[in-house]
Every structure is written in structure tokens, then in C-alpha cells.
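Single-letter residue listing:
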Amino acid sequence: MDLGLTGKTALVTGGSRGLGRHTALALAREGCNVAICARGEDGLRQAVDELQALGIKAVGVQADVTTEDGTARLFSEATDALGPIDVLVNNVGGSTGRDIDSADDEAWEHTLQLNLFSGIRLTRLCLPHMKESAWGRIISISSIFGREHGGGLTYMTAKAALIAFSKHLALEVAGTGVTVNTVAPGSIEFPGGGWERFQQNSSPEVVQEFIRNNLPMGKFGWPEPVGAMVAFLASTQADLLTGTSINIDGGQSKSLI
């Protein structure tokens, strides 16, 4: 299937590892030129080399997208290197503060900046070109715990807000040729990720109990299907998909909606 992405330009936040890296690689395999960012240099150069080896143009920007200055610099350097952004993937995420007692104002601020406001800022920067071109894709990585109960308090709240923002924006721009969607992964394991740390820091009995109670396939998920779904949502084959939130969780989620 030709996804019609050859020559398009994508920006993927948190693109040096995990879901962001596999998303960037999936887009690059379809012919997208790709800009990625990360807060640290570790892995950023290696990820750019991987992308360029696929025959596309790629750039890596060291930036903290929880700040307005970092977001603006990322957008400026990415567009200077590759041109206007056709596909925006708001992938960066994480949280501090699991419950009402541990979540102080700093934890709330950090989690909302990371998961929600970074995507809002980049959307504002990328959207004018998309509207002018009458074509664009905005895809945000949420979580099944933005669609139903689970995870920490700040994380669940931020991911739910990201889905709500995306739904409202999708309808707002539906007539412009720009689509807006979210992808909601379940428990996805990758090197350096939270679910790898959980397995390393927990007893085998605790890990097996978690798998037995939460993962119908009997194993943790892996990042490649997330990247493939993002590439499809970014494609010309997905013109009628907007305002959706798609679970990729091996049956982990329980909600009917």
C-alpha cells in the first residue's frame, strides 16, 4: 500500500528512543523527511544516523519542549533544515506524582507541560502551513489511561486532556484538509522505558501476576505497531480518519468506548 508520504516532512518529539524512535523510522521508511528532538544528546545522533541510512533527510534537535523557548527553537531549527512541517507527532510524555498526596503543584506543572502543553504549542506553530496547504496530520501519543482509569493521577489527567484537545481541534479544522488523531498505547516495553524498569525492579512473581491480570496476550507490547499506526494515520489513505483515539494494547483496555 502506497501511503503517499514520499517527500513529506514530519516532526516527532521524543524521537531518539522508544515509541518516538520507532515512529520516526516508520515514517522514514515511507519516504518522509524527519526531524526529531530529545533533551539529551545521548541517542539523538544515533537515531538521526538510522533515519538518514533509510535515504531520507533527517535532523536532530536537542530541546526541552516543556518550555516555550525550547519548543520555538525546535520548530525553527526543524523547518530551517527540512522546510514546513506536514506531519506533527506529539510523542513526548511522562509524569511525576501518582496520587493526590504526592502530586504537588510542581508535579502537576511538569506533567501537563510534558504531555499537553508541548503538543499545544507545536500544533499552533505547525497548523498555519497545514491549513495553507490544505493538507496536514497532527497525531498525538496518549495512553489507554487517557481513555479509562489507570496509571498515576497526573498522567491519567494529562493524557485525557490531550485526547480532549485533539478531539476538539479535529472538529475545528475538519474542513481544512488537516486531520487530528491520537494513538493510545497500552503497556509497551522498550529499552529504557518504564515497563522495562518495572520488570527489572520487581520480583518474577509480581511481573507474572501483572501480566496475568492485565495483558490478555500474555506479554508486554512492543513499539513497532505504534509506529506503523502513526504512519498510517499520517498517510493519504487515512483521509477520513479524524477525531479518533485508537488503542494499541493487545486487549489490555476494558472500556467499550
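Not measured: the values here are computed from a predicted model. (Residues numbered from 1 in each chain as written. Predicted model: local features only at pLDDT ≥ 70, side-chain atom pairs only at ≥ 80, totals over all residues. Heavy atoms only, no water.)

Points about the packing of helix α3 (residues 68–82) against helix α4 (residues 105–133)
In a packed pair of helices, the relevant descriptors are the angle between the two axes and the axis-to-axis distance.
Okay, so step 1: Following both chains from N to C, one finds α3 and α4 inclined at 40 degrees, their axes separated by 10 Å at the closest point. By the criterion of interaxial angle, the relationship of α3 to α4 is oblique. Read as a crossing pair, α3 and α4 show a hand that is right-handed. Where α3 abuts α4, its residues Glu 68, Thr 71, Ala 72, Leu 74 and Phe 75 lie against Ser 118, Arg 121, Leu 122, Leu 125 and Cys 126.
Okay, so step 2: Broken down by class, the residue content of the contact of α3 with α4 amounts to six nonpolar, two polar and two charged. (Axes fitted to C-alpha atoms, helices over the stretch in contact; angles between N-to-C directions. Helix = DSSP H or I, 4+ residues; strand = E, 2+ residues; numbered from the N terminus. Parallel < 35°, antiparallel > 145°, perpendicular 65-115°, else oblique. Left-handed = near helix turned anticlockwise from the far one by under 90°. Contact = heavy atoms within 4.5 Å. Nonpolar A, V, L, I, M, F, W, Y, C, P; charged D, E, K, R; others polar.)

Examining the pattern of salt bridges
Okay, so step 1: In this structure the tally under the stated criterion is four salt bridges.
Okay, so step 2: One salt bridge in this structure joins Arg 21 and Glu 50, with 2.8 Å as the shortest N-O distance. With Arg 21 in helix α1 (residues 18–29) and Glu 50 in helix α2 (residues 44–52), this pair connects stretches of sequence that are 29 residues apart.
Okay, so step 3: Owing to a relative accessible area of 27%, Glu 50 belongs among the partly exposed residues under this scheme.
Okay, so step 4: One salt bridge connects Arg 45 with Asp 49, and the closest N-O pair in it is separated by 2.9 Å. Residue Arg 45 and its partner Asp 49 are located together in helix α2, separated by four residues, close to a single helical turn.
Okay, so step 5: What makes Asp 49 partly exposed here is its relative accessible area of 39%. (Salt bridge = Lys/Arg side-chain N within 4 Å of Asp/Glu carboxyl O. Buried < 20%, exposed > 50% of the residue type's maximum accessible area, 1.4 Å probe, protein only.)

Re the environment of Ala 81
Okay, so step 1: Here Ala 81 shows up in helix α3.
Okay, so step 2: On the basis of relative accessibility, which here comes to 45%, the residue Ala 81 falls in the partly exposed class.

As for unusual backbone geometry
Okay, so step 1: A positive phi angle, close to 60 degrees, is found at Ala 134, a residue other than glycine.
Okay, so step 2: As for its position among the elements, Ala 134 is in the loop between α4 and β5 (136–141).

Let's talk about the state of the cysteines
Okay, so step 1: Taken as a whole and judged by the stated rule, the model has zero disulfides.
Okay, so step 2: For Cys 32, which is in no disulfide, the shortest distance to another cysteine sulfur is to Cys 126 and amounts to 13 Å.
Okay, so step 3: For Cys 32, a relative accessible area of 0% corresponds to the buried category.
Okay, so step 4: Cys 126 takes part in no disulfide bond, and the closest cysteine sulfur to it belongs to Cys 37, at a distance of 11 Å. (Disulfide = S-S within 2.5 Å.)

A look at the side chain of Thr 123
Okay, so step 1: Mapped onto the elements, Thr 123 comes out in helix α4.
Okay, so step 2: Looking at Thr 123, its side chain comes within polar contact range of the main-chain oxygen of Gly 119, at 2.7 Å.
Okay, so step 3: When near neighbours in sequence (up to four residues on either side) are disregarded, Thr 123 contacts Leu 88, Asn 90, Ile 138, Phe 165 and Leu 169. (Polar contact = N/O pair within 3.5 Å; in protein donor to acceptor, adjacent residues only side chain to side chain.)

Section: α2
Each α-helix winds once per 3.6 residues, and so residues spaced three or four apart point in a common direction.
Okay, so step 1: Residues of α2 that are buried include every one of Leu 44, Ala 47, Val 48 and Leu 51, and no others. The buried residues of α2 occupy an angular sector of 100 degrees when the element is viewed end-on, so they sit on one face.
Okay, so step 2: Of the surrounding elements, those touching the buried residues of α2 are α1, β2 (33–38) and β3 (58–62). (Arc of directions from axis to C-beta.)

Concerning the layout of surface pockets
Okay, so step 1: What the largest pocket holds in volume is close to 1400 Å³.
Okay, so step 2: Around the largest pocket, the lining comprises 50 residues; the ones closest to its centre are Gly 93, Gly 94, Tyr 155, Phe 190 and Gly 194.
Okay, so step 3: Going through the elements one at a time, α1, β2, α4, α5 (153–172), α6 (194–201) and α7 (204–214) are the ones with two or more residues in the lining of the largest pocket.
Okay, so step 4: Residue classes in the lining of the largest pocket are distributed as 16 nonpolar, 25 polar and nine charged.
Okay, so step 5: Quantified by volume, the second largest pocket comes out at close to 180 Å³.
Okay, so step 6: Looking at the second largest pocket, it is lined by 15 residues, and the ones nearest its centre are Met 217, Gly 221, Trp 222, Asp 249 and Gly 250.
Okay, so step 7: Each residue belonging to the lining of the second largest pocket can be placed in one class, and the counts come to eight nonpolar, five polar and two charged. (1 Å grid on protein atoms, 1.4 Å probe; cavity = no way out; pocket = protein on both sides within 12 Å on 5 of 7 lines; lining within 4 Å. Points joined across faces, edges and corners; volume = space filled by probe spheres on them.)

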